[in-house]
Amino acid sequence: MVSLKGGQVIRKSKLFAALTLNAKEILKSEIDRSVKLEAICKLLKDKVRYYNWVGFYAVTKERPTELVLVSYMGEPTQHSRIQFGKGICGQAAMLRKTLVVQDVSKEDNYLSCSSKVKSEIVVPIFRNKEIVGELDIDSHVASPFTLEDEAFLKEIAEMVSEFL
Ligand code: SME
């Protein structure tokens, strides 16, 4: 269960199903690629209370071992470029797998953006089996992420892969 901003409590599955539909609408609309990514960041940050920073990093052909921040909602971060292997984002890129850190204070290889952040999930984005970016979410709540978040964010990552 998850509480919405108005205080209403609903199942995570219901919220995530609705947000998946909203994201599909955004992606098929006639707006620029960058506006689509920004709208997805805003949707996730606004609608899921414990998603406090939502951003997309891209990997380019020119720099295949670097993550470059292309769109985000939340506080500005100094980590706009991250080398593969560095921090949770860089580790997820190197391992090519989703990383969920329920308590960032226990993670040694972590790049801090704000002392308010308690947990983080990073989902790699693939196109034709190649990593093209990541969806990164920071939360001010400890241990908020469940398998439902993981499945939902993987679906969003698949949907945006052609727009990175
Ligand atoms: N905490 C991340 C850095 C990016 S910010 O969360 C926006 C990391 O350890 O890779």
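What you are looking at is a predicted structure, and each value in this text was computed from that prediction instead of being measured.

Calculation criteria
Sequence order as written defines the numbering, with residues in each chain counted from 1. Where totals are concerned, whole chains, interfaces and linings use all residues; where local detail is concerned, this predicted model gives features only for residues with pLDDT of at least 70, and gives and counts side-chain atom pairs only at 80 or more. Heavy atoms throughout the structure, all of them, feed into the side-chain values; hydrogens and water do not. Here a residue is near a molecule or strand as soon as one of its heavy atoms is found within 4 Å of it. Whenever a nitrogen or oxygen atom comes within 3.5 Å of another N or O atom, the pair is scored as a polar contact, on the condition that within protein one atom can donate a hydrogen and the other can accept it, and that pairs from neighbouring residues in sequence are kept only if both atoms are in side chains. Every definition here rests on a 1 Å grid over the protein atoms only: cavities are sets of points where a 1.4 Å probe fits but cannot get out, pockets are open sets enclosed by protein on both sides within 12 Å along at least five of seven lines, and lining residues have some atom within 4 Å of a point. The rule for placing a molecule in a cavity or pocket is simple: more than half of its atoms must lie within 2 Å of the grid points. Put simply, DSSP H or I for four residues or longer makes a helix, DSSP E for two residues or longer makes a strand, and each gets a number counted from the N terminus. Residues were grouped as follows: Ala, Val, Leu, Ile, Met, Phe, Trp, Tyr, Cys and Pro as nonpolar; Asp, Glu, Lys and Arg as charged; and all remaining residues, including Gly, as polar. Grid points are joined across faces, edges and corners, and a volume is the space filled by probe spheres set on the points.

Points about the site of the ligand
Then, in step 1: Near the ligand you find Trp53, Tyr57, Ile82, Gly87, Ile88, Cys89, Tyr110, Leu111, Cys113, Glu120, Asp136 and Asp138, and these make up its full shell.
Then, in step 2: A distance of 2.8 Å is found between an oxygen atom of the ligand and a backbone nitrogen or oxygen belonging to Cys89.
Then, in step 3: Between Glu120 and the ligand, the recorded distance is 2.8 Å, taken from a side-chain N or O atom to a nitrogen atom.
Then, in step 4: The site holding the ligand turns out to be the largest cavity.
Then, in step 5: Contributing elements (two or more residues each) for the shell around the ligand: strand S3 (53-58), helix H3 (87-95) and strand S8 (130-139).
Then, in step 6: Among the elements that take part in the shell around the ligand, H3 stands out by supplying 3 residues, more than any other.
Then, in step 7: Classifying every residue of the shell around the ligand by side-chain character gives 8 nonpolar, 1 polar and 3 charged.

Details of empty space enclosed by the protein
Then, in step 1: Across all of its chains, the model carries 1 cavity of 30 Å³ or more by this definition.
Then, in step 2: Quantified by volume, the largest cavity comes out at close to 70 Å³.
Then, in step 3: Lining of the largest cavity is provided by Tyr57, His79, Ile82, Ile88, Cys89, Tyr110, Leu111, Cys113, Glu120, Asp136 and Asp138.
Then, in step 4: Secondary-structure elements contributing two or more residues to the lining of the largest cavity are H3 and S8.
Then, in step 5: When the residues that make up the lining of the largest cavity are grouped by side-chain class, the tally is 7 nonpolar, 1 polar and 3 charged.

So, the layout of surface pockets
Then, in step 1: In this model, the largest pocket occupies a volume close to 240 Å³.
Then, in step 2: The wall of the largest pocket is formed by Ala58, Val59, Thr60, Lys61, Pro64, Arg127, Asn128, Glu130, Ile131, Val132 and Leu164.
Then, in step 3: Ranked by the residues each element gives to the lining of the largest pocket, the list is headed by S8, at 3 residues.
Then, in step 4: Around the second largest pocket sit Arg96, Lys97, Thr98, Val123, Pro124, Ile125, Phe126, Lys154, Ala157, Glu158 and Ser161, which together line it.
Then, in step 5: Of all the secondary structure elements, the ones that give two or more residues to the lining of the second largest pocket are strand S7 (119-127) and helix H4 (147-160).
Then, in step 6: Here the element with the most residues in the lining of the second largest pocket is S7; it accounts for 4 residues.
Then, in step 7: Its residues assigned to classes, the lining of the second largest pocket comprises 5 nonpolar, 2 polar and 4 charged.

Geometric values such as these leave the question of function open.
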